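Architecture and fold: a report
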Amino acid sequence: MEQLVKNKTLRYILSTLLSIGNFLNGVNAKGFELTYLEKVPEVKDTVHKQSLLHHACSVVVENFPESTDLYSEIGAITRSAKVDFDQLQENLCQMERRCKASWDHLKVIAKHEMKPQLKQKMSDFLKDCAERIIILKIVHRRLINRFHSFLLYLGHPAYSVREISVNRFSKILSEFALEYRTTRDRVLQQKQKRADHRERNKTRGKMIMDMSAPSDDEEERECGRNGSSCSNNGAPSGQDSDQPQGLGHTEDAAEHEHMKAVLRTTLTGGDKEAVGVPGLRTRTRSRPGRGGRTMQPWTAAVEDTQACGDDAADEIMERIVRSATQGPGTRTQPRERRRSRANRKSLRRTLKNGLTPEEALALGLTDSPDT
């Protein structure tokens, strides 16, 4: 009883259960009978199927972190639950009756042949037993009276105090404390798991963010691998330039400009039949046709009208020559070619067939349709 009076965890649990019961029932009761503690683990909610004890334990753990498991603090109650106090009272009464009967038997035996020493020893033994029995009965009576006072302290009505036995009361509290300890351990484990899960989510999200956002150095290296310059926002600045579509490199752009210069020179020279390229020597290429026939080499030679100032221009012109000095085939119909991404015609076909005014205007070689 002293353990129960001084235990704060029991107060937290009882107050929490009283508050939950008042909320569910819509009343403002001042207390409840302790027999209701037996039904707490059996009452469950309709959503998660968790017992009322689980919810009460969660509230106690959340609002009262200093609370304990209750079971380890009421060892005397657990031991008292194993004692049958009704049987104890009956045993004391039976011992008292037997002690009185023993005195009567000793008087009868003392009238007959009996040694004085034996009679003295038996008398002393019976006196000692009677004193102990009387003391035990006094202790038992005082214990029961104090238990009844304790029940009144807990709020039991006076008319029902004598109907409650000690072992029944102790058993209810002991079993409830054991259930509470088990539920409390499970609640603490779930709480720890949720905390660990939130911590893992925070760490995993941080790692994903760090990996998904490339640094400035990585963007510069990526732009270097792509062979194009990047603007501040990471987009290639070459997309906003005036270069033709498909010419992403400097060499292709220079080659395109030189081809335009060659075509412009051919148109302004007045010789639409010219088949040569300025500044180049005569080259001979043979290409076998179909059916085993061999076409005559196509030669082109024109005097150099323009001096090249550097080796880079010579190399570009050399590439133009290699693409322009291919011999024509013997097909009756020209083979279908895939159009260039730069919207550029073949130099060989252009030099042979010439350009129409519309094509020259589309290529930007002339300023107006009349020129």
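Residue numbers restart at each chain and count upward from 1, following the sequence in its written direction. Reporting in this predicted model follows two pLDDT cut-offs: at least 70 for local features of residues, and 80 or more for side-chain atom pairs to be given and counted; totals over whole chains, interfaces and linings ignore these cut-offs and use all residues. The side-chain figures draw on all heavy atoms in the structure; neither hydrogens nor water molecules are used.

Pairing of aromatic rings covers Phe, Tyr and the six-membered ring of Trp, with a centre-to-centre limit of 6.5 Å; geometry is then stacked below 30 degrees between planes, edge-to-face above 60, and tilted otherwise. Under the definition given, this model contains six aromatic pairs. Relative to F169, the ring of F147 lies with its centre 5.5 Å away and its plane at 70°, an arrangement referred to as edge-to-face. One end of the pair, F147, is in helix α6 (residues 116–154); the other, F169, is in helix α7 (residues 166–212), and 22 residues separate them in sequence. Pair check on accessibility: F147 and F169 agree, each one buried. Numbering of helices and strands runs from the N terminus; a helix is a DSSP stretch of H or I covering at least four residues, while a strand is a stretch of E covering at least two. Each residue is assigned to one of three classes by its accessible area relative to the maximum for its type, calculated with a 1.4 Å probe on protein chains only: buried under 20%, partly exposed between the two thresholds, exposed over 50%.

Our focus in this paragraph is the environment of D86. When you line up the elements, D86 lands in helix α5 (residues 85–110). Under the relative-accessibility criterion, D86 is labelled partly exposed at 49%. On a C-alpha basis, the gap between D86 and N167 in space is 8.6 Å, while along the polypeptide they are 81 residues apart.

Turning to unusual backbone geometry, a few remarks are in order. A positive phi angle, close to 60°, is found at K49, a residue other than glycine. The exposure class of K49 is exposed, given its relative accessible area of 54%. Even without a glycine there, the phi angle at L70 is positive, about 70°.

Here the focus is the packing of α5 against α6. Simply put, an axis is a line fit to the C-alpha atoms, just over the touching stretch for a helix, and the angle between two N-to-C directions goes from 0 to 180 degrees. Close contact between α5 and α6 brings their axes to 10 Å; oriented N to C, the two are set at 160°. Overall, the two elements α5 and α6 adopt an arrangement that is roughly antiparallel. Taken as a pair, α5 and α6 cross one another with a handedness that is left-handed. Contacts between α5 and α6 pair F85, L88, Q89, L92, M95, E96, C99, S102, W103, L106 and A110 from the former with K119, M122, S123, L126, K127, C129, A130, I133, L136, K137, H140 and L143 from the latter. Amino acids are sorted into nonpolar (Ala, Val, Leu, Ile, Met, Phe, Trp, Tyr, Cys and Pro), charged (Asp, Glu, Lys and Arg) and polar (every other residue, Gly among them). Per-class residue counts for the contact of α5 with α6 are 15 nonpolar, four polar and four charged. Just so you know how the angles are binned, under 35 degrees is roughly parallel, over 145 roughly antiparallel, 65 to 115 roughly perpendicular, and the rest oblique. In this scheme, a crossing is called left-handed if the near helix is turned counterclockwise away from the far one by less than a right angle; it is called right-handed if the turn is clockwise. Between two residues, a contact is recorded if the distance between any of their heavy atoms is within 4.5 Å.

With their axes 10 Å apart at the nearest point, helix α2 (residues 8–25) and helix α3 (residues 52–63) run at an angle of 120° to one another. Between α2 and α3, the interaxial angle falls into the category oblique. Between α2 and α3 lies a crossing whose hand is right-handed. Where α2 abuts α3, its residues Y12, I13, T16, L17 and I20 lie against L52, A56, V59 and V60. Of the residues that constitute the contact of α2 with α3, the class distribution is eight nonpolar, one polar and no charged.

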